[in-house]
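Observations on the model geometry
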Amino acid sequence: MLPHTLRPIVALALLTAMLLSCQRETADTIFTNARIYTLDQDNPIAESIVVRGERIVYAGNEAEAMEVAGNHANVVDLEGQWVIPGLTESHMHFEGLGRNMLLAPLDIYWLPLDELTSKLEEAAQEAEEGDWIVARGYNDAIWEDTPHRSMLDEVSPKNPVVLRRYCGHAHFVNSMALEKAGVTADTPDPDAGSIVKDPHGEPSGVLVSAAGALVTQHIPPDPELTDEEELEALRLGSNALLEAGITTVHDMTRSDLFEVARRSEAYEKGLLRVRLMDAVDAETARIMGEPFIGLHGDRYTIRWVKKFVDGSLGGRGAALMEPYADMPGETGALRALGQDEEAYASLVAELLELGFSTRTHSIGDRGNHITLNAFEQAMDMTGKNPEQARLVVEHAQILHPDDVQRFADGRIIASMQPVHATEDMLFVEDRIGYERALEGAYAWRSILDHNGIIAAGSDYGVSPYNPFYGLHAAVTRQDRDNNPQDGWIPEQRMTRQEALEAYTIGPAFVEFSEDLKGQLKEGMLADFIVIDRDYFEIPQEEIHEIKVLKTVLGGEIVYEY
């Protein structure tokens, strides 16, 4: 027991500690000494941000920030660096990011043909005879030779090989894979897919869209991850995005309720920190009955249903109004959803009544036309206006000129991936010809000139998730070697302001989160990033080189270089 003479001293010390603790918990944080691009039209540039809890309570000059925060504020000196709002990845496949980091699958992304076959030969030598060799990422647009199964047979004669195109909508396989799947010259094309034939009428080894399943269904399943590994994959993916400056991600891989529960567990354990907006399939939405919004402190929301209407342009699976220029008679693969517009519209309307917005993969001009029809009909059927519905066309890569105005004033939202234009420019004109490309390929400027809303992303694992690659592509229409010199169809470029808004304000609107995210002003979540150079002032060819120095999420520094 303490002596009576010490009790008042100890009591005072405890009281002081409690008071200091309370001050630490309630004290504001001032992030200062920076050039802060707020994207707030009324206050576009600030030098300080005051954060209380997870929200911004002030953005402006340092002197006023100090007055707002008081004497006990925590001060973070940003040392004259540059700040922009946290970026949103508006379309990616999040579940694959952490898994790829954990499992390190065979990487063939955009390899030249000789390097790809060399890597496959090494894999075949290391594999047991008969084992399947599976990889994703090839891009035949950078090869001089047309893909043929014989190229794979030569390096892997005793192992079935299945390569998925980087776009995800075509496969390239060897003869053994075709044999194991029972695919021959007499095998009919499946619905919404095609078996490409060689000049002799035999399968070439290229399977477009749904035809890929003829072979992939025979691949033995990967070993299941343990619960601990699944959680670790979520942690790895979350941290990688925060390091890249991405504070919110839209996951366009449809989660089931088991995955929703796993992600909730990851949040509860502090493993998953990035803000995650999830999509589900229609049946899961019906089971849920209503969206799950703002779980785990505005970190986790499920309010979208993801659908598909066609395939990819590179794989010739995108549904076109006129035939492919390099494959006469072929107009692409229209999925079942797009074959009955009335049923399509009814489904979207049903989901709207439940509170779910639909986001549909639509790439070709025919696919986009059908999706736009269905979306407009669904709004008419439900009586919901565009602001209530917030229906999203995913990709919107090739648009008929008459359909561009249907995005006007945000009536329907375009979720687009700027890097796709600078990757796909290698083959777009081969697929649809220059005139059609000029009229409606990756038509960002045309949509924005109609006051449309664009939400930008990468579509990882199709393309790299680094958002500065996308910002660079949006502003320049060039690849990361800054080619072509003046940009590909440069008339469709975005301004730097528009591009940044496509990674911030646009996605926030898609989420119904425009009062929480996208700008740095009072009342908004304190999500922002500190970068190593001035996005608005550096030469545009350097935008893709920007590095993230700090990522702040809800006022907390969650990544530091």
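Every value quoted in this text rests on a predicted model; they were computed, and no experiment measured them. Residue indices follow the written sequence of each chain, beginning from 1 at its first position. It should be noted that, the model being predicted, local features are given only for residues of pLDDT at least 70 and side-chain atom pairs only at 80 or more, the latter also being counted only at that level, while totals for whole chains, interfaces and linings use all residues. Side-chain descriptors were evaluated using all non-hydrogen atoms of the structure, hydrogens and water having been removed beforehand.

On the surface, Glu47, Glu62, Asp77 and Glu79 cluster together into a negatively charged patch. Here Glu79 lies in strand 4 (residues 74–85). Buried, partly exposed and exposed residues are distinguished by accessible area as a fraction of the type maximum, computed with a 1.4 Å probe on protein chains only: under 20%, between the cut-offs, and over 50%, respectively. Here Glu79 falls in the exposed class, since its relative accessible area comes to 61%. By definition, no residue in a patch forms a salt bridge, and every one has over 30% relative accessible area; like charges are joined within 9 Å, nonpolar side chains (Val, Leu, Ile, Met, Phe, Trp, Tyr) within 5 Å. Accessible surface area values rest on a Shrake-Rupley calculation with a 1.4 Å probe, where residue burial reflects the displayed protein chains alone. The term salt bridge refers to a side-chain nitrogen of Lys or Arg lying within 4 Å of a carboxyl oxygen of Asp or Glu. Neither His nor the chain termini are counted; the positive set is Lys and Arg, and the negative set is Asp and Glu. Where a charge lies is defined by one atom per residue type, namely NZ (Lys), CZ (Arg), CG (Asp) and CD (Glu). Strands are runs of DSSP state E lasting at least 2 residues, helices are runs of H or I lasting at least 4, and numbering of each runs from the N terminus.

Here the focus is the environment of Leu113. Mapped onto the secondary structure, Leu113 falls in helix 4 (residues 113–126). On the accessibility criterion, Leu113 (17% relative accessible area) is buried. C-alpha of Leu113 to C-alpha of Tyr138: the two residues are 25 residues apart in sequence and 8.7 Å apart in space. With residues near it in sequence (within four places) discarded, Leu113 still touches Trp143, Asp145 and Met151. Should any heavy atoms of two residues lie within 4.5 Å, those residues are considered in contact.

A few words now on helix 13 (residues 365–382). The span one expects for a helix is its residue count, reduced by one, times 1.5 Å. Along its 18 residues, helix 13 runs 26 Å from first to last C-alpha, staying within 8% of the 26 Å computed at 1.5 Å per residue. Counting buried residues along helix 13, 13 of its 18 residues qualify, which places the element largely inside the surrounding structure. Backbone geometry just downstream of helix 13 places Gly383 in the positive-phi region, at approximately 75°.

All right, on to the pairing of strand 1 (residues 29–37) then. In terms of residue burial, strand 1 counts as a mostly covered element, since 7 of its 9 residues are buried. Should DSSP find at least two bridges between two strands, the strands are regarded as paired. Relative to strand 4, strand 1 runs parallel, the two sharing 7 bridges. Bridging across to strand 4, Thr29 finds its partner in Asn74. Pairing of strand 1 with strand 2 (residues 45–52) involves 6 bridges; the strand directions are antiparallel. The residue bridging Thr32 from the neighbouring strand is Ser48, located in strand 2.

Attention now goes to the sheet that holds strand 7 (residues 161–165). The strand order across the open sheet formed by 5 strands is 6-7-8-10-9, and the pairing between neighbours is mixed. Edge positions in the sheet fall to strand 6 (133–138) and strand 9 (193–197), since each has one partner strand and no second. Each strand axis lies, on average, 25° off the axis of its neighbour in the sheet, ignoring direction. Bridge count for strand 6 against strand 7 is 5 bridges, and the pairing is parallel. The partner of Arg136 across the bridge, within strand 7, is Arg164. Only the stretch in contact is used when a helix axis is fitted, and all axes are lines through C-alpha atoms; the angle between N-to-C directions ranges over 0 to 180 degrees. Contacts from helix 4 reach strand 6 and strand 7 within the one sheet, and its direction differs from that of strand 6 by about 160°.

A separate point is helix 4. The end-to-end C-alpha distance of helix 4, which contains 14 residues, comes to 20 Å, matching closely the 20 Å that a straight helix rising 1.5 Å per residue would cover. Buried residues of helix 4: Leu113, Leu116, Thr117, Leu120, Ala123 and Ala124, and no others. Mapping the buried residues of helix 4 onto a view down its axis gives an arc of 120°, with all of them on the same face. Exposed residues lying more than 90 degrees from the buried face of helix 4 are Asp114, Gln125 and Glu126. As for helix 4, its buried residues are in contact with strand 6, helix 5 (149–155) and strand 7. What the arc measures is the spread of directions leading from the helix axis to the C-beta atoms.

We now examine the layout of surface pockets. In this model, the second largest pocket occupies a volume close to 410 Å³. Only strand 9, strand 10 (203–209) and helix 17 (428–432) provide two or more residues apiece to the lining of the second largest pocket. In terms of residues, the lining of the second largest pocket owes the most to one element, strand 10, which gives 3 residues. When grouped by side-chain class, the residues that make up the lining of the second largest pocket number 11 nonpolar, 5 polar and 9 charged. Here a cavity denotes grid points, spaced 1 Å and computed from the protein atoms alone, that fit a 1.4 Å probe unable to get out, and a pocket denotes an open set having protein on both sides within 12 Å along at least 5 of 7 lines; residues with an atom within 4 Å of a point are the lining. Grid points are joined across faces, edges and corners, and a volume is the space filled by probe spheres set on the points. Side-chain classes follow a simple rule in which Ala, Val, Leu, Ile, Met, Phe, Trp, Tyr, Cys and Pro form the nonpolar group, Asp, Glu, Lys and Arg form the charged group, and the remainder, Gly included, forms the polar group.

Pairing of aromatic side chains here covers Phe, Tyr and the six-membered ring of Trp, requires ring centres within 6.5 Å, and sorts the geometry by plane angle: under 30 degrees stacked, over 60 edge-to-face, intermediate tilted. A complete count under the given rule lists 12 aromatic pairs for this structure. Ring centres of Trp110 and Tyr166 lie 5.4 Å apart, and the angle between their planes is 70°; this geometry places the pair in the edge-to-face category. Taken together, the residues Trp110 in the loop between helix 3 (94–103) and helix 4 and Tyr166 in the loop between strand 7 and strand 8 (170–173) connect sequence positions 56 residues apart. Residue classification places Tyr166 among the buried residues on the basis of a relative accessible area of 2%. When the ring of Tyr442 is compared with that of Trp488, the centres are 5.8 Å apart and the planes differ by 65°; the resulting orientation is edge-to-face. Of this pair, Tyr442 sits in the loop between helix 18 (434–440) and helix 19 (444–449) while Trp488 sits in the loop between helix 20 (467–476) and helix 21 (496–502), and the two are 46 residues apart along the sequence. Tyr442 gets classed as buried once you look at its relative accessible area, which sits at 2%. A network of ring pairs unites the aromatic residues Tyr37, Tyr535 and Phe536 as a single cluster.

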